[in-house]
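# Report on the structure
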Amino acid sequence: MEVEVTELAWLDEEEACPAGELAEQSHFPEGEILELIHCGAIPRHPGRARSAARMAARLRQDFELDLQGVALALTLLRRIDELEGELSRLRVFPP
Amino acid sequence: MKFKDYYASLGLERGASDADIKKAYRKLAHKYHPDVSKEPGAEARFKEIAEAYQTLKDPEKRAAYDHLGKHAPGEEFRPPPDWSQQYSGREQSFEGIDLADLLAELAARHSGGAGRGAGGPIRGEDYELRAGISIEQAFEGALLELNLSMPEYDAAGRLRRVPKTVKVRVPKGAADGQRLRLSGMGGRGFAGGPAGDLYLTIGLLPHRLYHADGHDLLLELPLAPWEAALGATVEVPTPGGKVQLKIPAGTASGNKLRLSGRGLPQPKGNSGDFYAVARIVMPKVWSARARELLQELAATTDFSPRAELLGEDGHGS
């Protein structure tokens, strides 16, 4: 079966992203999503929030983590991501 | 149906205890989980590990799996004659069935009919994919062909793997890590439920010339010492075509020269910026005349590049 896709949507920073939608996408209860947002594990930036919420769902299921474990893992993974981006830039263009 | 050796996937013997199974899974998941691992092929390896764990951690699924007997991985096989009666409660064809789907279906049936066919409409699964595109494709847009194998329920409520080719027209404006949602392109819904969505994460492939930072592009621009000192107009490649760039006199290595709006386009219509990062390069061979001129320059200039190190005034003429 071959499907030509014409409809797709950017998940960008200007698209609204309420906690209820994040909860539905990640299968987390809305209260837990709000807790993850409140502690900074899920960023308020909508595009990144969706990605983080889905990562939270994968980490919870695959590593059998509780909410605090998910929050810590998300925060550390984002920090690693930022540092790797910075390292990559510095490798190409040293100061 | 092709056999999968779930014990071997986790590096275990058949008689492994539940604790051993959990321990082996956790160890391998830490190594290969696609959200934490940078190992090549980690995603495929993790799928194999997770599939094995989903079966072996569940006593009913493990018993059904063990009863299939031992076969070589990838070997076409049929379950023993009494297997269907004992575990699925019905005769069925095993042609084209994925072992994991079969075991998942049995577990759902045993857990009180939670499988398809009971209850109301069920939304299809969402799926996530990653795709790499070049900087040129991000600049111009790209047509990607994704070959998927999606589990779908047939009319009788049985899971089947259905090959599916999805052509995705990625509009210009993608940046590294940006995500797209393809509505309704995920798993098919059941009993009137809507289809799930397919999420596509775009990765920019490394480029020979450019380095992307969001929608900005950086290019290392080699300059001759006299071009940097005296200023020059040089030709610079950008994804949109070559441009003439004016180099100000006195440009130092590492100086960034900005070409506004010449970076990657953004979905809403603006574009990032293009930065040429100056790098002063020396000729490998100097002619005798060039050496004379350099010696003359050295003799008539009191500039000291190490003045700051020595606490002196380094500005010469």
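Preceding this section is the structure that the text describes.
Residues numbered from 1 in each chain as written. Chains lettered and ligands numbered in written order. Predicted model: local features only at pLDDT ≥ 70, side-chain atom pairs only at ≥ 80, totals over all residues.

## Focus on unusual backbone geometry
All names here are of chain A. You will see that H27, though not glycine, has its phi angle at about 65°, which is positive. For E64, which is not a glycine, the phi torsion comes out positive at approximately 55°. Structurally, E64 can be placed in the loop between α3 (46–63) and α4 (67–92). For E64, a count of 13 C-beta atoms within 10 Å translates into the label partly exposed. (Helix = DSSP H or I, 4+ residues; strand = E, 2+ residues; numbered from the N terminus. Buried ≥ 20, exposed ≤ 12 C-beta atoms within 10 Å, placed from the backbone.)

## Thoughts on the nonpolar core
All names here are of chain B. Residues A138, L182 and L200 are the most contacted members of the largest nonpolar core, which totals 27 residues. Counting only elements with at least two residues in this core, the list comes to α7 (135–140), β3 (159–170), β4 (179–182), β5 (198–204), β7 (216–223) and β11 (274–280). Per-element tally for this core: the top contributor is β5, with five residues. Sequence-distant contacts of L200, defined by excluding residues within four places in its chain, comprise L129, A131, V168, R179, L180 and L182. Of all hydrophobic cores here, the second largest spans 19 residues; its members include L10, Y32, Y53 and L56. (Core = buried A, V, L, I, M, F, W, Y, C linked by C-beta atoms within 7 Å. Contact = placed C-beta atoms within 7 Å.)

## Examining the environment of K167 of chain B
Structurally, K167 of chain B is set in strand β3. When the C-alpha atoms of K167 of chain B and N147 of chain B are compared, they prove to be 8.7 Å apart, with 20 residues separating the residues in sequence.

## A word on the packing of helix α2 (residues 18–32) of chain B against helix α3 (residues 42–56) of chain B
Residue and element names in this part refer to chain B. Packing of α2 against α3 brings their axes to within 10 Å, and their N-to-C directions diverge by 160°. The angle between α2 and α3 falls in the class roughly antiparallel. For the crossing formed where α2 meets α3, the hand is left-handed. Contacts from I21, Y25, L28, A29 and Y32 of α2 reach α3 at A42, R45, F46, I49, Y53 and L56. The residue inventory of the contact of α2 with α3, partitioned by class, reads ten nonpolar, no polar and one charged. (Axes fitted to C-alpha atoms, helices over the stretch in contact; angles between N-to-C directions. Parallel < 35°, antiparallel > 145°, perpendicular 65-115°, else oblique. Left-handed = near helix turned anticlockwise from the far one by under 90°. Nonpolar A, V, L, I, M, F, W, Y, C, P; charged D, E, K, R; others polar.)

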